[in-house]
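One-letter residues, chain by chain:
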2 protein chains.
Amino acid sequence: MVTVGAAAFPAARPEAAPRRVTILGATGSIGTNTLSVIAERAGSFAVEAVTANTNAERLARAARTAGARLAVVADPAAYGDLKAALAGTGIAAAAGDDAVREAAERPADLVVGAIVGAAGLLPTYAAIRAGRQVAIANKECLVSAGRIFMRAAAERGVTIRPMDSEHNAIYQALGGRPIDEVEQIIITASGGPFRTWSRERMAAATPADALKHPNWSMGRKITIDSATLMNKGLEVIEAHHLFGAPTEKLDALVHPQSVVHGMVVFNDGAVMAGMGLPDMRVPIAHCLCWPETGPLAGRRLDLAELGSLTFERPDRARFPALNLARQALDTGDWATNILNAANEVAVAAFLGGRIGFLEIAGLVEQTIDRVSAQSVPAVPDSVEAAIALDREGREIASELVRMHRTR
Amino acid sequence: MVTVGAAAFPAARPEAAPRRVTILGATGSIGTNTLSVIAERAGSFAVEAVTANTNAERLARAARTAGARLAVVADPAAYGDLKAALAGTGIAAAAGDDAVREAAERPADLVVGAIVGAAGLLPTYAAIRAGRQVAIANKECLVSAGRIFMRAAAERGVTIRPMDSEHNAIYQALGGRPIDEVEQIIITASGGPFRTWSRERMAAATPADALKHPNWSMGRKITIDSATLMNKGLEVIEAHHLFGAPTEKLDALVHPQSVVHGMVVFNDGAVMAGMGLPDMRVPIAHCLCWPETGPLAGRRLDLAELGSLTFERPDRARFPALNLARQALDTGDWATNILNAANEVAVAAFLGGRIGFLEIAGLVEQTIDRVSAQSVPAVPDSVEAAIALDREGREIASELVRMHRTR
């Protein structure tokens, strides 16, 4: 029972041994920020292993700074560089996909799954199967294979802590209350750079236009997803898996200031909103310290200074990606998998100048239709099957891009 | 450990026996709304006892509708009427202060302390001493004798559930996290009818002007407290006791839409905000159902329809009551007790046309100064001592009002 009042609050826990943290994808944006939060809280955390895709030099630097025990690079060709860069440090070096998976399985108090893209699936899954608590910043784990991940987590008693600001805010707003007590989970969207653009103007949008995100500084792929609102579509799918929420309890709301990250409407009408300045270090710190909340320096939200927060319903006609994602969620696990695969291909094609902005959603829809027409797709029941389906989706989408160009 | 994901969420609890609820102050605004929520959730609750101050007829009607076992009227002169009105219903009737206290002590799963004013102190305290879980809607319990109430609650393992919307929102936003993890607790204020008035214009404000509250429909006393912002000052004092928060962690923020009721800034920069339409049934339902959240029909907050939420810092020069309350909190328990007593007298004097609007805060300050000058006041260490101090404060304040008139 939770009790209120000075005397009833639990005291700070006694000085504990540092938590051992492994970071999968340590050189990317989330990985770098995770290491920065850990550096700020020296004494509370110790780094077990760090992994990266190809950048041996940057990985070695991160491993040395963090005092990691092991550094693993996925690309075997980078092994020599990594070994050389770590010479004399006492930090072990390894390379290859199997070594990344083994790093994920090593004993640790928390494994941060921050590998970008489909490459994150197998190592993050391996961590869960090994019974490690995980914090997930990788979208694909839940969008491409959410059911498989949640089932494994339940079997192994693993808590999946969401590391992106929207799901982390919702996680905190839920406060452990069961989904039966929830009427609505609302994910906010900045609305992206085209929030006020007409469909005609959007049709002529260039990659440079779409890459001007109003609030967050992020990678190119996710910034385009913010412009199409596919980002929110994918987040709705993630929320479905993370919180066990049916489609009808999930919604997106445009909120240009990106201060409210997510909200939960309970079945008595009370609403809990998770807010904060747009700073990914905040949800990262929450995941690292959970179930405690640890101190983190940084600017604080000042609502009086901000003055006002605004909200509007997303325009589902101008931003069809939102409905596409919801339909895929209702269609089944194969459809959300294909949605994500096709979207990656479509965004790359847009960035490469091969299709127009409005054709991104169209290409995703066509890919799902094509897969559906070819066969009744099986629900992927393993991570390997999910990866195979993802590849199939990418191939079909790529073919559709080629057809589009030769039209 | 709280886990996330469909499989990990606890299932709804099995059909339990109805919770027995006693309502102290059943005919007032909170009491009536509590009974209305209970009526909506028939089967989940059973009413043990209801009490009222003098209105036997209304109390008897409430007792009959709710199927209470006992109805108690504080005024012994009303006993005959109550007895007659309950004849043949099987509902027991009683009268007098001792009978109200005994009603509070009867076995029940929850006692709702909704008696208005100082009369609420002894019965609510008796419920806690008897080990009953309590929901408090009475301000005086915490402002006049907060330390005594919290100490008794801690000794008896009683959870005090806050029933007003601000503290209930903060309670939910805290989600049981310890106060060490909290950087700031923010109580919102509508700003009242004089939010945009100059000090000169406020000096000439009439009771009719001050009674025009923009969002909430409340009693006259509390509506004037909203106009002076003393309401928020008193709420800061309540929050100090309820959440064990030192003065420097407590703040008020003007938010004219009254949609965000309270916020907690955690020490990692994450902010949880408790929101909802202004409807006291929502926090009442939360207190009744806690630690579950039970379904409650009603309009829901629609942020897209609302469009925007605005925030501004309170003007402490035009609304000196806020600083007065903070100073009293720092001065000690006697000072918050006198602050509240003097404010009641001052508000009554303003409503009676005996002092001007701006003189309310001045009179409160003078009363505290006077008490301080007369003697070094003792910290009240019993509810009786707190009540005696409250009486002293009222007498001195009344004398100051008389002196003011003959000036």
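The structure presented is a predicted model; accordingly, all values stated were derived computationally and were not measured.

Colleague: Just to check I follow, could you spell out the relation of the copies chain B and chain A for this structure?
Modeller: For the pair of chain copies, the relating transformation is a rotation about an axis with a translation along it. You can overlay chain B on chain A at an RMSD of 0.0 Å; the transform is a turn of 180° with a shift of 0.0 Å along its axis. Such a turn and shift between the copies fits a two-fold axis. A high fraction, 100%, of the interface residues of chain B reappear at the interface in chain A, so the copies pair face to face through one surface.

Colleague: Quick question: what am I supposed to make of the sheet that holds strand S10 (residues 260-266) of chain A here?
Modeller: Sheets are built from strands paired through backbone hydrogen bonds, the pairs being either parallel or antiparallel. Read from one edge of the open sheet, eight strands run S9(A)-S8(A)-S10(A)-S11(A)-S11(B)-S10(B)-S8(B)-S9(B), paired in mixed fashion. The open sheet terminates on both sides in strands that have one partner only, identified here as strand S9 (250-254) of chain A together with strand S9 (250-254) of chain B. Mean inter-strand twist for the sheet, computed between neighbouring axes without regard to direction, equals 20°. Where strand S8 (residues 182-189) of chain A and S9(A) come together, five bridges link them in parallel fashion.

Colleague: It is not clear to me how the pattern of salt bridges should be interpreted in this structure. Could you clarify?
Modeller: When the charged atoms of two side chains with opposite charge come close together, those side chains can pair. All names here are of chain A. Counted by the stated rule, this structure contains 47 salt bridges over all chains. One salt bridge in this structure joins Arg19 and Glu292, with 3.3 Å as the shortest N-O distance. Of this pair, Arg19 sits in strand S1 (residues 19-24) while Glu292 sits in the loop between helix H12 (281-289) and helix H13 (303-306), and the two are 273 residues apart along the sequence. One salt bridge connects Arg69 with Glu48, and the closest N-O pair in it is separated by 3.2 Å. Note that Arg69 is positioned in the loop between helix H2 (56-66) and strand S3 (70-73) and Glu48 in strand S2 (residues 45-52), a separation of 21 residues in sequence. Through salt bridges that share partners, Lys139, Glu166, Lys232, Glu235 and Glu238 make up one connected network.

Colleague: What's the story with the packing of aromatic side chains in this structure? I'm lost.
Modeller: Each aromatic ring pair is summarised here by two numbers: the centre-to-centre distance and the angle between the ring planes. All names here are of chain B. Tallying each qualifying case throughout the model produces 10 aromatic pairs over all chains. Measuring from centroid to centroid gives 5.3 Å for Tyr125 and Phe149, while their planes differ by 70°, and the two rings are edge-to-face. Residue Tyr125 is found in helix H5 (residues 121-129), and its partner Phe149 is found in helix H6 (residues 139-156); the two are separated by 24 residues along the sequence. On the numbers, 6.0 Å between centres and 55° between planes, the contact of Tyr171 with Trp290 is tilted. On the criterion of sequence distance, the pair formed by Tyr171 in helix H7 (residues 165-174) and Trp290 in the loop between helix H12 (281-289) and helix H13 (303-306) is long-range, its members being 119 residues apart.

Colleague: Even after reading the chapter, I still don't get the pairing of S3(A), so can you show me in this structure?
Modeller: Each regular strand shows side chains that alternate between the opposite faces of the sheet. Residues and elements named next belong to chain A. By the alternation rule, side chains of S3 split into Leu70 and Val72 and Ala71 and Val73, which are all buried. By the bridge criterion, four bridges tie S2 to S3 in an arrangement that is parallel. Across the sheet, Ala52 pairs through a bridge with Val73, a residue of S3. Assessed by its sense of winding, the connection that carries the chain from S2 through H2 to S3 is right-handed.

Colleague: Explain the side chain of B:Asn168 to me, please; I cannot follow it from the model alone.
Modeller: Residue and element names in this part refer to chain B. When you line up the elements, Asn168 lands in helix H7. Residue class for Asn168 comes out buried when judged on its relative accessible area of 3%. Apart from residues no more than four positions distant in its own chain, Asn168 is found in contact with Pro162, Pro283, His286 and Cys287.

Colleague: So what exactly am I meant to see when it comes to H5(B) here?
Modeller: Structurally, the α-helix is built with 3.6 residues per turn, so residues lying three or four positions apart point the same way. Residue and element names in this part refer to chain B. Counting buried residues in H5 gives seven out of nine residues, a clear majority hidden from the surface. Of all the residues in H5, the buried ones are Leu121, Pro123, Thr124, Tyr125, Ala126, Ala127 and Ile128. Where H5 ends, the next residue or the one after it, Gly131, has phi of about 85°, a positive value.

Colleague: Where do I start with the domain arrangement of chain A in this structure?
Modeller: The extent of an interface is frequently quoted as the accessible surface area lost upon association of the parts. All names here are of chain A. Here the domain parsing of chain A yields domain 1 (2-163), domain 2 (176-276 + 291-306) and domain 3 (332-406). For domain 1 and domain 3, the distance between their C-alpha centroids amounts to 30 Å. There are one salt bridge connecting domain 1 and domain 3. When the shortest N-O distance is used, the salt bridge between Asp333 and Arg147 registers 2.6 Å. Counting the contacts that link domain 1 with domain 3 gives four residue pairs in polar contact (both at pLDDT 80 or more). Listed by contribution, the elements that provide at least two residues to the side of domain 1 that touches domain 3 are helix H5 (121-129) and helix H6 (139-156). Top contributing element to the side of domain 1 that touches domain 3 by residue count: H6, with eight residues. Partitioning the side of domain 1 that touches domain 3 into residue classes produces eight nonpolar, two polar and three charged.

Colleague: What am I meant to see in the interface of chain B and chain A here?
Modeller: Contacts between the two partners involve 64 residues from chain B and, on the opposite side, 65 residues from chain A. Carbon and sulfur atoms supply 61% of the area that chain B and chain A bury against each other, a total of about 5400 Å² over both sides. Applying the counting criterion to the chain B and chain A interface returns four salt bridges. Salt-bridge contacts for B:Asp302 lead to A:Arg313; the nearest nitrogen and oxygen are separated by 3.4 Å. Mapped by element, the contributors of at least two residues to the side of chain B that touches chain A are H6, H7, helix H11 (230-243), strand S10 (260-266), strand S11 (271-275), H12, H13 and strand S12 (308-310) of chain B.

Colleague: Just to check I follow, could you spell out the packing of H11(B) against helix H15 (residues 333-351) of chain B for this structure?
Modeller: Helix packing geometry: the angle between the two helix axes and the distance between the axes. Residues and elements named next belong to chain B. One can describe the packing of H11 onto H15 by two numbers: an axis separation of 12 Å at closest approach and a directional angle of 150°. On the basis of their axis angle, the class for H11 and H15 is roughly antiparallel. When you trace H11 past H15, the crossing you get is left-handed. Contact residues: H11 offers Met230, Leu234, Ile237 and His241, while H15 offers Asp333, Thr336, Leu339, Asn340 and Asn343. Broken down by class, the residue content of the contact of H11 with H15 amounts to four nonpolar, four polar and one charged.

Colleague: Honestly, helix H10 (residues 220-228) of chain B in this entry has me stumped. Any pointers?
Modeller: All names here are of chain B. Burial in H10 covers these residues: Thr223, Ile224, Asp225, Ser226, Ala227 and Thr228. If you follow the buried residues of H10, they end up packed against helix H9 (207-210), H11, helix H14 (321-331), H15 and helix H16 (359-374). Where H10 terminates, the next one or two residues include Leu229, which has phi positive at roughly 70°.

Colleague: For this particular structure, what's the right way to read the packing of helix H7 (residues 165-174) of chain A against helix H11 (residues 230-243) of chain A?
Modeller: Residues and elements named next belong to chain A. Viewed as axis vectors pointing N to C, H7 and H11 meet at an angle of 35°, and their least axial separation amounts to 10 Å. Here H7 and H11 pass one another in a crossing that is right-handed. Residue-level contacts link Glu166, His167, Ile170, Tyr171 and Leu174 of H7 to Lys232, Glu235, Glu238, Ala239, Leu242 and Phe243 of H11.

Cut-off values and rules
Residues numbered from 1 in each chain as written. Chains lettered and ligands numbered in written order. Predicted model: local features only at pLDDT ≥ 70, side-chain atom pairs only at ≥ 80, totals over all residues. Heavy atoms only, no water. Least-squares fit on C-alpha atoms with pLDDT ≥ 70 in both. Contact = heavy atoms within 4.5 Å. Pairing = 2+ DSSP bridges. Helix = DSSP H or I, 4+ residues; strand = E, 2+ residues; numbered from the N terminus. Axes fitted to C-alpha atoms, helices over the stretch in contact; angles between N-to-C directions. Salt bridge = Lys/Arg side-chain N within 4 Å of Asp/Glu carboxyl O. Phe/Tyr/Trp six-rings, centres within 6.5 Å; stacked < 30°, edge-to-face > 60°. Buried < 20%, exposed > 50% of the residue type's maximum accessible area, 1.4 Å probe, protein only. Right-handed = clockwise from strand over helix to strand, strands pointing away. Domains from an automatic or database assignment. Polar contact = N/O pair within 3.5 Å; in protein donor to acceptor, adjacent residues only side chain to side chain. Nonpolar A, V, L, I, M, F, W, Y, C, P; charged D, E, K, R; others polar. Buried area = accessible area lost by both parts, 1.4 Å probe. Parallel < 35°, antiparallel > 145°, perpendicular 65-115°, else oblique. Left-handed = near helix turned anticlockwise from the far one by under 90°.

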